[in-house]
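Geometric and topological summary
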Amino acid sequence: MKGRVKSITELNAWKDLKVHYEKIRGTRLRDLFADDPGRGKRMTAEAAGLYLDYSKNIVNQDTLELLLRLAEESGLRSMIDAMFRGDRINITENRSVLHVALRAPRGSSIIVDGENVVPGVHAVLDKMVNFVNRLRSGEWKGYSGKRIRNVINIGIGGSDLGPVMAYEALKYFSERSMTFGFVSNIDGTDFIEASIGLDPSETLFIVSSKTFTTLETMTNAQTARSWLIQAFDGDERAVARHFVAVSTNAKEVSSFGIDTANMFEFWDWVGGRYSMDSAIGLSTMISIGPENFLELLDGFNQMDEHFRTTPFERNLPVLMGLLGIWRSNFFGAETVAVLPYDQYLNRLPAYLQQLTMESNGKYVTVDGARVDYQTGPIYWGEPGTNGQHSFYQLIHQGTKLIPCDFILFAQSLNPVGRHHDMLLANVIAQAEALAFGKTLEEVKADGVPDWLAPHKVFDGNRPSSVILAKQLTPAILGNLIALYEHSVFTQGVIWRIDSFDQWGVELGKALAQRIIPELESDFEPDLHHDSSTNNLIERCRKFKRPA
Ligand code: G6Q
């Protein structure tokens, strides 16, 4: 990238932010709000169906201006353009990064290697719609002529977390006459538990794997295949009616016994953790129906367009990304708690863990140098209000700074009595309590005895952001996921890392391949690991033996 410096710490904006941090670090949110009554309304931004309130972050106008300068000096503008243009910005894998093409409207154009990829995206979508309609109507039948009632997605990582999260998030819109299962773990328990009680003649497996070589997925797929064939007295022809594939690898799909006519394609410019809106979302489309799925894509696209075209000071993903950098790199926050106040989003934290941590958990810059600043924080969380009765204690009164993202919806999909107002009151109150706390004087004024008062003091000044939408619809889910995708991108650009590779997952995989035969060998293997690894392998071998 043009004009790039060696380290972001050499950028003028970074240096100015350091100086500014020293000035602002002692500032209290209480004072920022007291001095500026308009703050709560002004420090907000809106895009598509989402409303972001970032006023409870420890920032003032100068901070925001410096952060925006940091974005400019980091070349964010040109990197956004490069991504949308299809440049090979995933440099370590020499690939374009075009999840935005997955939701580009029919008729638009994104050129990769001289070819417009959008028609291909829509061709696959059309194929998915056709298949899903046949499946949901009962026209597609299992091998014995029965209608398919159970769908199991077999995949892992990016080929699992998106489908599970989206199924849970959009369950309200799902086809309730069907069941949906997700098998990812190589632990046989995952498959066994997912298949218990299912009638194989009514079950469809979607083998979702970009490469179609992933150990966990292929092992689970083979187990599912045997389970099915056994139910059909060894008749392998059943496979074609009960297995479909989502992959980029037609050769492997076909050698598994899946008719490539029933393979749904995607492309190497779609990263696993950015693929829930590609054919990897086939189970989502089966569950919520094509119309809702297209709405989901439209929601993604709305946020893409906002990200691509909106000035940074009103750009939600940019603002979120920059605030994250401010909290991590200057305030030293090591984690972010994602706290969705919606039961349907119970898998969102797990999904975001992969999106954020696999993307930005890196200590090497795009130039191969070691960073001299912090990169991706740890993401974690649980749906509210459950977390309030467990780990929120540490967020309120612990010794660590935990910035929070609160996610809430004004309307419930399941209005029951006063539940929803109670839910909303809780999340709004948490953000208020974290920001403003309760002083010793206030505690004492409640009549609390002196010895107990320090325990009841809340320091406050804990930063949080609130993401508010009207209701959790497919389009809003698309808005929300694209918001996080682009905020991760923003941060990756500023940290100067490749957010789209994942070399850090390779070593463990390779070592496991070496250990598998050592565990399975009928003879005592000659072990050449360190003494702990050798000992653990020996112990496992010993414990495996029947008593
Ligand atoms: C995601 C990663 C990773 C990947 C899985 C599954 O960005 O690349 O989580 O999705 O390893 O890979 P396959 O789809 O190839 O089985």
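Anything mentioned here points back to the structure above.
What counts and how
Numbering of residues begins from 1 in every chain and follows the order in which that chain's sequence is written. Only residues with pLDDT of at least 70 get local features here, since the model is predicted, and only at 80 or more are side-chain atom pairs given and counted; chain-wide, interface and lining totals rely on the full set of residues. Calculation of side-chain values draws on the structure's entire complement of heavy atoms; hydrogens and water are dropped beforehand. Numbering goes from the N terminus for both helices and strands, where a helix is a DSSP run of H or I of at least four residues and a strand is a run of E of at least two. Nearness here has a simple test: a residue counts as near a molecule or strand if at least one of its heavy atoms is within 4 Å of that partner. The term polar contact refers here to a pair of N or O atoms within 3.5 Å; inside protein, the definition further demands a hydrogen-donor-capable atom paired with an acceptor-capable atom, and it admits residues adjacent in sequence only when both atoms are side-chain atoms. Here the accessible surface of atoms and residues is derived via Shrake-Rupley with a 1.4 Å probe, and residues count as covered only by protein chains that are part of the display. The span one expects for a helix is its residue count, reduced by one, times 1.5 Å. Bend is computed residue by residue as the angle between axes fitted to the seven residues ending at the residue and the seven residues starting at it. To sort residues, take the accessible area from a 1.4 Å probe on protein chains only and compare it with the maximum for the residue type: under 20% means buried, over 50% means exposed, and anything in between is partly exposed. Throughout this description, the term nonpolar core refers to a set of buried Ala, Val, Leu, Ile, Met, Phe, Trp, Tyr and Cys residues connected via side-chain atoms within 4.5 Å. When checking whether two residues touch, look at their non-hydrogen atoms; a contact exists if any pair is within 4.5 Å.

1. Focus: unusual backbone geometry
The residue after Gly-384, namely Thr-385, is reached through a cis peptide bond having omega 5 degrees. Mapped onto the fold, Thr-385 is located in the loop between strand E11 (378–380) and helix H15 (392–397). Although it is not a glycine, Ala-48 adopts a positive phi angle of roughly 50 degrees. Topologically, Ala-48 is positioned in the loop between strand E1 (44–47) and strand E2 (50–53). Its identity as a non-glycine residue notwithstanding, Arg-496 has a phi of 65 degrees, on the positive side. Looking at the secondary structure, you find Arg-496 in the loop between helix H19 (474–495) and helix H20 (506–520).

2. A look at the site of the ligand
Neighbouring the ligand are 13 residues, the closest being Ser-159, Ser-209, Lys-210, Thr-211 and Thr-214. Separating an oxygen atom of the ligand from a side-chain N or O atom of Thr-214 is a distance of 2.5 Å. Contact distances for the ligand include 3.5 Å between an oxygen atom and a backbone N or O atom of Gly-272. About the coverage of the ligand: the protein hides 86% of its 410 Å² of free accessible area.

3. A few points about helix H12 (residues 282–309)
With 28 residues, H12 should cover 40 Å at 1.5 Å per step; its first-to-last C-alpha distance of 30 Å lies more than 12% under that length. For H12, the principal kink sits at Gly-289 and spans about 120 degrees; a proline, Pro-290, occurs within the next four residues. When you tally the buried positions in H12, you get 20 out of 28 residues, the bulk of the element.

4. A short note on the nonpolar core
Grouped together as the largest cluster of nonpolar side chains are 128 residues, with contacts concentrated most on Phe-131, Leu-282, Ile-286, Leu-348, Leu-477 and Phe-489. The dominant element in this core, judged by the number of residues it contributes, is H19, at 12 residues. When near neighbours in sequence (up to four residues on either side) are disregarded, Phe-489 contacts Leu-76, Met-79, Ile-80, Met-83, Ile-89, Phe-307 and Phe-500. Of all hydrophobic cores here, the second largest spans 23 residues; its members include Ile-154, Phe-191, Ala-224 and Val-253.

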